[in-house]
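Below, each chain spelled out in residue letters.
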Amino acid sequence: MAKAMAMDLHELRVFLAVWEQGGVTAAARQLHCVQSNVTARLQALESSLGTPLFYRRARGMVPTPAAEKLQGYARRMLHLAELARQSVQPRAQPEGSLVLGSMETTAAIRLPPALADFHRAHPGVEIQLHTGTSAELRRGVLEYRLEGALVGGEVDHPDLEQQVVFAEEMVLVAPAGCSGLEDEGVRALLGFRQGCSYQALLDAWLKELGRPPLRLMEFGSLEAILGCVAAGMGVSLMPRAVVEHRDYGRGLRRLPVPERLARVNTCFIRRRDMPPSAALQDLLARLGGVA
């Protein structure tokens, strides 16, 4: 017990920096300190815990199983410490970092106005936004890497709380001349990586039509997806707001989706054991949610 009590918050910050950056040099750069300080802090933490946290390699550091277990607790402890600081400074402006996740489509259309408004009100808060599929974002929240995330559709997990922020009307984005999913010429689905909730919705639609899943062609950006749809490579399922926000000329069609599949809620999720910070509560209010 005495060794565990020897951990301090700065050691945990150093540990997480090494975890995220994969080495001491990059961690020192992130923390704005010298490498020897990072090394000393990390060794002190390993000594207090009585176990190594990283395998030292010539080209970086690899987390041990103990580090895998510790990182979630470390993030939670640092988050709770920040909430404790805020609780005794109720009149202070939110500051520090706010690490969030979002689907690419949401980040492109829905978030910019709210983030800009938030930044004007709270310039001392550093916003870190990570984009990914809904499945990736859920893992990020569960593993304490994200304070919260905007995902497509409702989630059912005992460790997560969720709230509906807004709803999206879905459309099938297709090249000119395509009549829809019934068109036998449609062979490919253009989208993001596996784990996208919109892709799962389209697969359900295909199943209802008696068609096998389409071959997935993965792209890294909305521009690439919509541009390649316009070029005739395949179809995609997107929120109407995304497609209407971007002009790809006459090569793009927006086709209706069956009513039972056409509305998808975007939900904000966070861990039940991680109370929302003041910064997060403020941002959610600007998005129209209730913290």
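Residues numbered from 1 in each chain as written. Predicted model: local features only at pLDDT ≥ 70, side-chain atom pairs only at ≥ 80, totals over all residues. Heavy atoms only, no water.

1. A word on the overall build of the protein
- Looking only at helices and strands, the protein has 12 helices and 11 strands in total.
- Along the longest, intermediate and shortest principal axes, the C-alpha atoms of the protein span 70 × 50 × 35 Å.
- A total of 291 residues make up the protein; the buried ones form 47% of that total.
- Taking the contacts inside the protein whose residues are at least 6 apart along the sequence as the reference set, 75% of them involve residues at least 24 apart.
- For the protein, the computed accessible surface area is about 14,800 Å², with 51% contributed by carbon and sulfur atoms.
- For the protein, the separation between the mean place of its 33 positive charges and that of its 31 negative charges on side chains is 3 Å. (Helix = DSSP H or I, 4+ residues; strand = E, 2+ residues; numbered from the N terminus. Buried < 20%, exposed > 50% of the residue type's maximum accessible area, 1.4 Å probe, protein only. Contact = heavy atoms within 4.5 Å. Areas by Shrake-Rupley, 256 points an atom, 1.4 Å probe, with all protein chains shown as cover. Lys, Arg positive; Asp, Glu negative; His and termini not counted. Charge placed at Lys NZ, Arg CZ, Asp CG, Glu CD.)

2. Topic: the domain arrangement of the protein
- Under the domain assignment used here, the protein contains domain 1 (9-86) and domain 2 (93-290).
- If you average the C-alpha positions of domain 1 and of domain 2, the two centres end up 32 Å apart.
- Counting residues at the interface gives 10 residues for domain 1, matched by 11 residues for domain 2.
- In total, domain 1 and domain 2 occlude about 910 Å² of area from one another, counting both sides; carbon and sulfur atoms represent 58% of this.
- One salt bridge in this structure joins arginine 76 and aspartate 273, with 3.8 Å as the shortest N-O distance.
- Along the contact surface separating domain 1 from domain 2 lie zero residue pairs in polar contact (both at pLDDT 80 or more). (Domains from an automatic or database assignment. Buried area = accessible area lost by both parts, 1.4 Å probe. Salt bridge = Lys/Arg side-chain N within 4 Å of Asp/Glu carboxyl O. Polar contact = N/O pair within 3.5 Å; in protein donor to acceptor, adjacent residues only side chain to side chain.)

3. With respect to the pattern of salt bridges
- In total, this model carries 15 salt bridges according to the counting rule given.
- Salt-bridge contacts for arginine 75 lead to glutamate 20; the nearest nitrogen and oxygen are separated by 2.9 Å. Placement of the pair is arginine 75 in helix H5 (residues 65-87) and glutamate 20 in helix H2 (residues 9-21), with a sequence separation of 55 residues.

4. Quick look at unusual backbone geometry
- One non-glycine residue with positive phi stands out, namely histidine 32, at about 60°.
- Position of histidine 32 among the secondary structure elements: in the loop between helix H3 (24-31) and helix H4 (35-49).
- With a phi close to 65°, tyrosine 144 is a non-glycine residue in the positive phi region.
- In this structure, tyrosine 144 sits in the loop between helix H8 (134-142) and strand S5 (148-152).

5. Looking at helix H10 (residues 222-230)
- Taken together, the buried positions of H10 are occupied by Leu222, Ile225, Leu226, Cys228 and Val229. Relative to the axis of H10, the buried residues are bounded by an arc of 165° and lie together on one face.
- If you follow the buried residues of H10, they end up packed against helix H6 (104-109), strand S6 (160-175), strand S7 (188-191), strand S9 (236-239), helix H11 (240-245) and strand S10 (252-255).
- Of the residues one or two after H10, glycine 232 is the one with positive phi, at around 95°. (Arc of directions from axis to C-beta.)

6. Things to note about the packing of H3 against H4
- One can describe the packing of H3 onto H4 by two numbers: an axis separation of 8 Å at closest approach and a directional angle of 105°. It follows that H3 is roughly perpendicular to H4 by the angle criterion. Facing H3, whose interface residues are Val24, Thr25, Ala27, Ala28 and Leu31, H4 presents Gln35, Val38 and Thr39.
- The residue makeup of the contact of H3 with H4, split by class, is five nonpolar, three polar and no charged. (Axes fitted to C-alpha atoms, helices over the stretch in contact; angles between N-to-C directions. Parallel < 35°, antiparallel > 145°, perpendicular 65-115°, else oblique. Nonpolar A, V, L, I, M, F, W, Y, C, P; charged D, E, K, R; others polar.)

7. A look at the packing of H2 against H4
- Between H2 and H4, whose axes approach to 9 Å, the crossing angle comes to 110°. In this view, H2 runs roughly perpendicular relative to H4, as classed from their interaxial angle. Residues His10, Glu11, Leu12, Val14, Phe15 and Val18 of H2 touch H4, and the partners they reach there are Asn37, Val38, Arg41, Leu42, Ala44 and Leu45.
- In the contact of H2 with H4, the residues fall into eight nonpolar, two polar and two charged.

8. Digging into the environment of alanine 188
- Tracing the chain through its elements places alanine 188 in strand S7.
- Residues alanine 188 and arginine 145, 43 residues apart in the sequence, show an inter-C-alpha distance of 33 Å.
- When residues no more than four places from it in sequence are discounted, the contact partners of alanine 188 are Leu214, Arg215, Met217, Met233, Gly234 and Val235.

9. Here we look at a nonpolar patch on the surface
- A grouping of Leu9, Tyr73 and Met77 is seen on the molecular surface, where their side chains present a nonpolar patch of about 290 Å² in accessible area.
- Mapped onto the elements of the fold, leucine 9 is located in helix H2.
- Looking at leucine 9, the relative accessible area reads 33%, which means it is partly exposed. (Patch = residues over 30% accessible without salt bridge, like charges linked within 9 Å, V, L, I, M, F, W, Y side chains within 5 Å.)

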